[in-house]
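For reference, the chains in residue letters:
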Amino acid sequence: MIRFEKVHKRLGGRTVLDGVDFEIAPGETFFIVGTSGAGKSVSLKHMVRLLTPDSGRVWIGDDCVSEARGRLLEKIRTRFGVLFQGAALLNWMCAGDNVGLPLLERTNRPEEEIEALAREKLALVGLETAYDKMPGELSGGMRKRVGLARAIITSPEIILYDEPTSGLDPVTSRSIDQLIDNLRQGLGVTSVVVTHDMHSALAIATRIAMLDAGRIVELGTPAEFIKSPNEKVQQFLQAQYITQRGAWEKTGTL
Amino acid sequence: MNAWARLGRQVLTALRDTGRALVLLAEATSQVVFVFSRQNRSDTLHQMFVSGIKSLGVITVVAFFTGMILALQTGLEMRRYGQEVYIGSVVTLVLLREMGPFMTGLIIAASVGSAIAAQMGTMVVSEEISALEIMGINPVRFLVMPRLVALAVMMPFLTLYTNAIGILGGAIVGYTQLDVSFIAYFDNCTRYAENKDLLVGLFKAFVFGVIVVTVACHQGFATTEGAVGVGRATRRTVIISFLTILTMGYFLTRMFYK
């Protein structure tokens, strides 16, 4: 579904991605973790060609997104929904209009139908009553959920999440995790999540990749990841009070 | 880096920015056909309201006092020769040909242009522009084109309004301080001004509107480095717009008045 082939990227005179190679299968919930500046968000931006590799290629299915232009790039992007770190809602539009915007812009559907769909998606993320609220009236968690409703309104095959739980309290974070997991289980969506939050990753990921200084230093299932002998991985887990023995245990429920 | 190298780099940067701004203008112009689409028409009307109606207050004050100052300064000098009755002609010609579009351009650059640059810059920083691109929405059609159409349409109307208020200010000064009756003042207003003066002034206003939107959107889209970058884009928008309006004003005058 998504394939990185030896992707290199330098930004501001610094190597951010240094030969990154990985493949994500359809229906996966793939987490990319790592410290700040490790190249996580940069990887995500390469998938939708907000950034272009200096060398290497990024494939979405059979299309090379890193070389796509014009119509092909537009077509590839229609396969994606993206939840940005700050939700990236347009501040002059109410929550409902933000959610319906992709349909209003990309389709000829009647406005009443778009409104009904926007209400349905808002209900799906638990915000039935927020349709008329302006982004400034919403809390951080609510904004992210509106962003998620907007990301899924076009029924994309792939959803990218950039730090979906950052700045949120643990309870709201787990509710976002649950939404991501529900989308995979209910709609078979392929999800790519960039985060620092190992609790989220261990709870809902199918696989986790850890980036450090632009390289993948570990890649495996949550069970494999937590047992990794890699010093960077263990340091990262321990910093969040997660150890191989005891502190974290997957309960099966969120 | 020596002074020549620094100067060379600045010239190259200015040329590059000018080229990019012109490409942005060309792309926005090519999108004007979508101005009546359901996605754009309400935003275009909203932008006309924001850039036009909401600017009337400050334009009224500036135009009124400029007209008064113009009438007073020229009137006092002309009175020495017993020609103060002609201040109506002077005020009208100066406003129609130069000061009307020029003042309106500067006011709009400082108020609307800076606001556009700040909005675009904030949208870049908060990834809203990236979000639009991912949603398959062309930011130039969605954001730049409605503002371009709005200011290109509103600027001539605002300039007409500036001219009218300025002439009125001049009339009041003429009547209260120079003993020029309203009838004599307005009679002279229309005696020497030609349609060409009005039309060239309105054309200048149209060009200034296009300049302000192009500079503001280009600077906004080029924003980097968060809040500091937004501040820089706003400041640069005002400075570049002022200088471009001034320069273009001269060349347009030269083009029409040889």
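This text follows the structure it describes.
Everything numeric in this text was worked out from a predicted model, so none of it was measured.

Trainee: Quick rundown of the overall build of chain B? Include the residues and the values.
Mentor: Helices and strands together make up the secondary structure of chain B, namely nine helices and zero strands. Across chain B, helices and strands are ordered from the amino to the carboxyl terminus as α-α-α-α-α-α-α-α-α. Judged by the C-alpha coordinates and their principal axes, chain B covers about 70 × 55 × 35 Å. Taken over 258 residues, chain B has a buried fraction of 45%. A separation of at least 24 residues holds for 87% of the contacts in chain B among residues at least 6 apart in sequence.

Trainee: Please set out the sheet that holds strand β7 (residues 158-162) of chain A residue by residue, giving values where relevant.
Mentor: Residues and elements named next belong to chain A. The mixed open sheet is built from six strands, whose spatial order is β6-β7-β8-β3-β9-β10. Edge positions in the open sheet fall to β6 (80-83) and β10 (215-220), since each of these has one partner strand only. Strand after strand, the sheet turns through a mean of 15 degrees between neighbouring axes, direction not considered. Pairing between strand β3 (residues 29-33) and strand β8 (residues 190-195): five bridges, direction parallel. Each residue of the ladder has a partner; that of T29, found in β8, is S191.

Trainee: Describe the environment of F102(B), listing the residues and the values that go with them.
Mentor: Residue and element names in this part refer to chain B. Here F102 lies in helix α4 (residues 87-125). The exposure class assigned to F102 is buried, which follows from the 21 C-beta atoms found within 10 Å. Through-space distance from the C-alpha of F102 to that of F242 is 9.3 Å; in sequence the pair is 140 residues apart.

Trainee: With reference to specific residues and values, describe the nonpolar core.
Mentor: For soluble globular proteins, nonpolar side chains are generally found buried alongside one another. Grouped together as the largest cluster of nonpolar side chains are 137 residues, with contacts concentrated most on M47(A), V82(A), I159(A), L160(A), V192(A), L151(B) and V212(B). The element contributing the most residues to this core is α4(B), with 17 residues. Apart from the residues lying within four places of it in its own chain, the contact partners of L151(B) are S51(B), I108(B), V112(B), G209(B), V212(B) and V213(B).

Trainee: I'd like a rundown of the interface of chain B and chain A, residues and numbers included.
Mentor: When the parts come together, some accessible area is lost, and that loss is often what is quoted as the size of the interface. Residue-level contacts link 11 residues of chain B with 16 residues of chain A. Residue classes in the side of chain B that touches chain A are distributed as four nonpolar, four polar and three charged.

Trainee: If you had to explain unusual backbone geometry to someone new, which residues and values would you point to?
Mentor: Residues and elements named next belong to chain A. Backbone geometry places R49, a non-glycine residue, at a positive phi of 60 degrees. Structurally, R49 is set in the loop between α1 (40-47) and β4 (55-60). Its 20 C-beta neighbours within 10 Å are what place R49 among the buried residues. The phi angle at A88 is positive, at roughly 55 degrees, despite the residue not being glycine. Here A88 is to be found in the loop between β6 and α3 (95-106). Classification of A88 as buried rests on a count of 24 C-beta atoms within 10 Å.

Parameters and conventions
Residues numbered from 1 in each chain as written. Chains lettered and ligands numbered in written order. Predicted model: local features only at pLDDT ≥ 70, side-chain atom pairs only at ≥ 80, totals over all residues. Helix = DSSP H or I, 4+ residues; strand = E, 2+ residues; numbered from the N terminus. Buried ≥ 20, exposed ≤ 12 C-beta atoms within 10 Å, placed from the backbone. Contact = placed C-beta atoms within 7 Å. Pairing = 2+ DSSP bridges. Axes fitted to C-alpha atoms, helices over the stretch in contact; angles between N-to-C directions. Core = buried A, V, L, I, M, F, W, Y, C linked by C-beta atoms within 7 Å. Nonpolar A, V, L, I, M, F, W, Y, C, P; charged D, E, K, R; others polar.

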